[in-house]
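The primary structure of each chain is shown beneath.
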Amino acid sequence: MAVNVAVVGATGAVGEEFIRILESRNFPVQELRLLASKRSAGKKMRFRGAEHTVQELTKHSFQGIKIALFSAGASISREYVPYAIESGAVCVDNSSAFRMDDDVPLVVPEVNPQEIAKHHGVIANPNCSTIQMVVALKPIHDAARIKRVVVSTYQAVSGAGLKAVDELQKETASILSGKEGFKRNLFPHQIAFNVLPQIPQSNAFLSNGYTSEEMKMVDETKKIMGDASIRVTATTVRVPVIRCHSESVNVETEKKITAAEVKKLLSKAPGVTVLDDAANQLYPLATHATGKDDVFVGRIREDESIANGINLWIVSDNLRKGAALNAIQIAEMLL
Ligand code: NAP
Ligand code: 3JN
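Residues numbered from 1 in each chain as written. Chains lettered and ligands numbered in written order. Predicted model: local features only at pLDDT ≥ 70, side-chain atom pairs only at ≥ 80, totals over all residues. Heavy atoms only, no water.

Asker: Describe in detail the site of ligand 1, supporting the description with residues and values.
Answerer: Surveying the vicinity of ligand 1 reveals 26 residues, the closest of which are T11, S37, R39, S40 and C128. Contacts to ligand 1 include G73, whose backbone N or O atom sits 3.5 Å from an oxygen atom. Contact with the protein chains hides 77% of the accessible area of ligand 1, taken as 910 Å² for the molecule alone. Here the shell around ligand 1 is composed, by residue class, of 10 nonpolar, 14 polar and 2 charged. (Near = heavy atom within 4 Å. Polar contact = N/O pair within 3.5 Å; in protein donor to acceptor, adjacent residues only side chain to side chain. Areas by Shrake-Rupley, 256 points an atom, 1.4 Å probe, with all protein chains shown as cover. Nonpolar A, V, L, I, M, F, W, Y, C, P; charged D, E, K, R; others polar.)

Listed below in structure tokens is the structure:
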């Protein structure tokens, strides 16, 4: 049965992807309501060949809505998710607003789909860097119990929204054309031809020296995997790539597991494609994963510095599996 669906933050990087995926997966949409700020009200966006007009988000926006997909930041979610629930909608929220609340399921369908049924009107979508990592880690945890994870990320600028993509493109063009005086709005340093060990770009650092993105990876991984004993440490880094996050992940397990066994396990794992053929220089790349649904894993090898260690290289489209696709998979399960 088709349902009325609202997309909050429809004009953003994640919102645009929501619309594309709802269409390509033939999600049973009766009415699609596109919501954004006052700035975008009246803007036209296409869905299934027809023009849809973006409306300003208000507390009355959710009448008749069954599924509300939120992607306009945590403060908007905190303010408007309660109105959506009150109107009878179930919300899938892409922001960090409710992720760590005890009574809110934090779901990656390949890892903990059983949590969806426990919702009270809102299901949280994890952070993009966490999602792609846990999809690859779950089969290893089930087989050999993961004790510790050390992850370093290489995150695309689209994770910071459309304005960040624009800044990278304009700054790159400005440098290549030899013009001086490019004015940055978003990133604290030059992002073109550079690598910034700070995500997010503002208010990033906590009193322990980590960034909030790093602590999201630590806390969310434990909650999704349902195992608070897994030790996780993260360094999150922005690179001048438009789309797809890459991750170098080191895993220490309780039980010995060989690289060949991990390859075999991941080859059968839902949502994972193994691309790992050293002889042919085959491994996951951002350019290859762009626009694709799976989490790509390669460079699978044993960590020879410890008894039970595995190294992985994990790449996925941050706007698809990392955000819109994961949320729509949750919505499909809800229906
Ligand atoms: P973006 O490209 O900057 O887009 C922001 C969207 O939010 C736009 O549609 C914007 O509408 C809307 N918005 C901003 N202020 C609003 C307001 N006062 N009322 C209604 N709508 C408002 O950002 P994005 O990359 O799509 O990310 C949006 C949010 O999604 C992030 O803040 C984050 O919470 C979440 N996110 C999650 C992940 C993840 O890891 N799962 C990844 C990326 C983003 P206008 O066009 O009117 O400004
Ligand atoms: O920077 C990235 O690559 C991912 C960014 C995610 C993000 C950006 C702004 C606000 C989030 C998130 O999903 O955790 C949030 C937030 O909701 O706190």
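Now that the structure has been shown, the text picks up again.
Asker: An account of the site of ligand 2 is requested, with residue identities and associated values reported.
Answerer: Around ligand 2, the surrounding shell holds 13 residues, and the nearest of these are S96, R99, Q155, K216 and R238. In this structure, an oxygen atom belonging to ligand 2 sits 2.5 Å away from a side-chain N or O atom of S96. Between ligand 2 and R99, the relevant distance is 2.7 Å, taken from an oxygen atom to a side-chain nitrogen or oxygen of the residue. Looking at side-chain class alone, the shell around ligand 2 contains 2 nonpolar, 7 polar and 4 charged residues.

Asker: Outline helix α8 (residues 320–334), supporting the account with residue identities and numerical values.
Answerer: Remark: the principal bend of α8, roughly 35 degrees, maps to N326. Counting buried positions along α8 gives 12 out of 15 residues, so the element sits mostly inside the fold. (Bend = angle between axes of the 7 residues up to and from the residue. Helix = DSSP H or I, 4+ residues; strand = E, 2+ residues; numbered from the N terminus. Buried < 20%, exposed > 50% of the residue type's maximum accessible area, 1.4 Å probe, protein only.)

Asker: Quick one: what's the story with the sheet that holds strand β1 (residues 3–8), residue by residue and with numbers?
Answerer: Spatially, the 6 strands line up as an open sheet ordered β5-β2-β1-β6-β7-β8, and their pairing is parallel. Edge positions in the open sheet fall to β5 (55–56) and β8 (122–124), since each of these has one partner strand only. Note: strand β2 (residues 29–36) against β5, 2 bridges, orientation parallel. Following the sheet pairing, L35 is matched in β5 by Q55. Contacting β1, β6 (67–70), β7 (90–93) and β8, helix α2 (residues 74–86) crosses the sheet at an angle of about 180 degrees to β6. (Pairing = 2+ DSSP bridges. Contact = heavy atoms within 4.5 Å. Axes fitted to C-alpha atoms, helices over the stretch in contact; angles between N-to-C directions.)

Asker: For the pattern of salt bridges, give the residues involved together with the corresponding values.
Answerer: Per the stated rule, a full pass over the model turns up 17 salt bridges. In this structure, E302 engages K256 in a salt bridge whose closest nitrogen and oxygen atoms are separated by 3.6 Å. A residue pair is termed long-range when its members are at least 10 positions apart, and E302 in strand β13 (residues 295–302) and K256 in the loop between β11 (245–253) and α6 (259–268) qualify at 46 residues. By relative accessible area, which is 42% here, K256 ends up partly exposed. Of the charged contacts in the structure, one is a salt bridge between D293 and R320, with a shortest N-O distance of 3.0 Å. With D293 in the loop between α7 (286–289) and β13 and R320 in helix α8, this residue pair connects regions lying 27 residues apart in the sequence. One continuous salt-bridge network, built from bridges that share partners, spans E17, R20, R243, D293, D317 and R320. (Salt bridge = Lys/Arg side-chain N within 4 Å of Asp/Glu carboxyl O.)

Asker: Describe the sheet that holds strand β10 (residues 231–235), and please don't skip the residues or the numbers.
Answerer: Judged by pairing direction, the sheet is mixed, and its 6 strands sit side by side in the order β10-β9-β11-β14-β13-β12 without closing on themselves. Only two strands of the sheet have a single partner each, and these edge strands are β10 and β12 (272–274). Mean inter-strand twist for the sheet, computed between neighbouring axes without regard to direction, equals 25 degrees. With 8 bridges connecting them, β11 and strand β14 (residues 309–316) associate as antiparallel partners. Bridge pairing in β14 links E252 to G309. Packing against the sheet, helix α5 (residues 212–225) makes contact with β9 (146–154), β10 and β11, and its axis sits at approximately 150 degrees to β10. Running over the sheet, α6 touches β12, β13 and β14 and is turned about 165 degrees from β13.

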